[in-house]
Amino acid sequence: MFSSLIPRTLSSTLSLESDDFQILLIEGMPQCGKTTLAQTLFRDLPYVNLTDVHPRNLAQTNPSAFFPVYGKRLVLDEIQLAPELLSALPEPEEDIKIVLVGNLPRSAREGILTKYSSKRYVLTPFTQKEYAGASPDLFGQKPIALTMTYPRPGFFDSLRNGFLPRPDLQQSNHAFYEGWLGDFFFNVVRPVMKVSKEVEFLNFMKSIARTNMQELNHFKLAEESGISYGTAMYWADFLLEAHIIMEVPSLQLAQRRQVKRPKVTYTDSGLLCHLLQLHDTPALLSSPAYLSILEGHVASEIAKGYRAWGEEPPIYFYRDTAKKHIELVLKTKTGLLPIGFVSSKARSVNESLRHMRVLERMGENTREPVFISDGTLVLPSTDYPVISAAML
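This text gives an overview of the structure that appears in the document. Everything numeric in this text was worked out from a predicted model, so none of it was measured.

**Quick notes on the sheet that holds strand S9 (residues 315-319)**
- Spatially, the five strands line up as an open sheet ordered S9-S10-S11-S12-S13, and their pairing is mixed. Two strands bound the open sheet, and with one partner strand each, they are S9 and strand S13 (386-388). Averaged over all pairs of adjacent strands, the angle between their axes in this sheet comes to 35°, without regard to strand direction.
- Two elements, strand S11 (residues 335-342) and strand S12 (residues 370-373), share four bridges in a ladder whose sense is parallel. When the sheet's bridge partners are listed, Val 342 is paired in S12 with Ser 373.
- Seen against the sheet, helix H14 (residues 290-308) touches S9, strand S10 (325-332), S11 and S12 and runs at an angle of roughly 5° to S10.

Here it is, written out as structure tokens:
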């Protein structure tokens, strides 16, 4: 199916909620469909794109004149090209309806969310369920049945293909992601970040790929990439704000000392595999990075499901100074939900359970765990749900 024909769940969410707010922020990974979504949903509003030279020049040189010229009810695309406009937004008391499309620094975003009746939405790459013609779930918020499901072999091709919209389904993964990187450097890295040495930035992205689903270590990334610590922090923050990578925070509990740094993973598994030069399934499965790719994919897929419904994903990991480690933990209405993995590359189910029991020993309200399977290991029986990684 052409990606343009696949319904986006966030479209339905915005249709239901958009009238409740003066300002809507639509963020998301570059080329995931933000412009198409905004133009489709808000046809009744004038559309202004800041890649066009005339509105951009006005926004950058005389921001106070921008809204008197273009109006107070509009879709304003590529807002990251003229953040000066944020200080010139009409006052909350006025009759305004502004849809800001693009990725803003956290401080600027928080200022808008505090001052105005507003909400932030994040459009992600497609979810697996959207590809299958269904809406994603808020994983873990409903009871999970005791079942065992395993992916079919095509799952590994899906990991390599990724989940970004593609105008040409016949294009190879290599050509698609090389084109994506080229557009990203031309449209974002150069004009927004003012980065002149693109090779260094690409090496930085590859360094993050090699440490996917590890705790974020700016010193290590700086050393591997040949850049300063401050530059590594700035570049990592930018990739997070652009939703190219996502954080999996450390679950902080009172009873023990936990690590504080978050893990990070690439939002799109296809981009991750491309950066790691994993161009076929045998290379993927034999890669030392395979388990981190699987874990990152599951974390991303769960997060995408929550984002599609306009919700913040309550997904964490747990690691303490006693070396107890739970790959993923969801905060749900009925307690903490530990998530483990059934894979020939993962530790055993019994070993995972031993680590998960630390939550109960600390007196935390903990649900029965769930395990995600990649199909490379089949259990003869189970006391816990085993869910196919392709069915999230």
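**Regarding the sheet that holds strand S3 (residues 73-77)**
- If you trace the five strands from one edge of the open sheet to the other, you get S2-S3-S4-S1-S5, paired in parallel fashion. This sheet does not close on itself; its edge strands, each paired only once, are strand S2 (47-49) and strand S5 (118-123). Taken pair by pair, the neighbouring strands of this sheet meet at an average axis angle of 15°, ignoring direction.
- Relative to S3, S2 runs parallel, the two sharing three bridges. Within S3, the residue paired with Tyr 47 across the bridge is Val 75.
- Each of strand S1 (23-28) and S5 touches helix H1 (residues 9-17); the most contacted strand, S5, lies at about 170° to it.
- Contacts between helix H2 (residues 34-41) and the sheet are confined to S1, S2, S3, strand S4 (97-101) and S5, with S1 contributing the most and set at about 150° to the helix.

**Thoughts on helix H10 (residues 218-225)**
- All of the buried residues along H10 are His 218, Leu 221, Ala 222 and Ser 225. Taken down its axis, H10 places every buried residue within 100° of arc, on the same side. Projecting away from the buried face of H10 at angles above 90 degrees are the exposed residues Phe 219 and Glu 223.
- Buried residues along H10 sit against helix H9 (198-210) and helix H11 (229-241).
- Of the residues one or two after H10, Gly 226 is the one with positive phi, at around 70°.

**A closer look at H2**
- Within H2, burial applies to Lys 34, Leu 37 and Ala 38. Within H2, the buried residues cover an arc of 95° as seen down the axis, which keeps them to one side.
- For H2, the elements touching its buried residues are H1, S1, S3, S4 and S5.

**Some remarks on the pattern of salt bridges**
- The tally for this structure, following the rule as stated, stands at 18 salt bridges.
- Across the salt bridge formed by Lys 119 and Glu 17, the nearest N and O atoms sit 3.0 Å from each other. One end of the pair, Lys 119, is in strand S5; the other, Glu 17, is in helix H1, with 102 residues separating them in the sequence.
- Between Arg 120 and Glu 312 there is a salt bridge, and its shortest N-O distance comes to 3.4 Å. Of this pair, Arg 120 sits in strand S5 while Glu 312 sits in the loop between H14 and S9; the two residues are 192 residues apart in sequence, bridging distant segments of the chain.
- Given the relative accessible area of 17%, Arg 120 is considered buried.
- Taking relative accessible area as the criterion, Glu 312 reaches 48% and is therefore assigned partly exposed.
- Residues joined in a network through salt bridges with shared partners are Glu 27, Arg 109, Arg 120, Arg 307 and Glu 312.

Conventions and cut-offs
Residues numbered from 1 in each chain as written. Predicted model: local features only at pLDDT ≥ 70, side-chain atom pairs only at ≥ 80, totals over all residues. Heavy atoms only, no water. Pairing = 2+ DSSP bridges. Helix = DSSP H or I, 4+ residues; strand = E, 2+ residues; numbered from the N terminus. Axes fitted to C-alpha atoms, helices over the stretch in contact; angles between N-to-C directions. Contact = heavy atoms within 4.5 Å. Buried < 20%, exposed > 50% of the residue type's maximum accessible area, 1.4 Å probe, protein only. Arc of directions from axis to C-beta. Salt bridge = Lys/Arg side-chain N within 4 Å of Asp/Glu carboxyl O.

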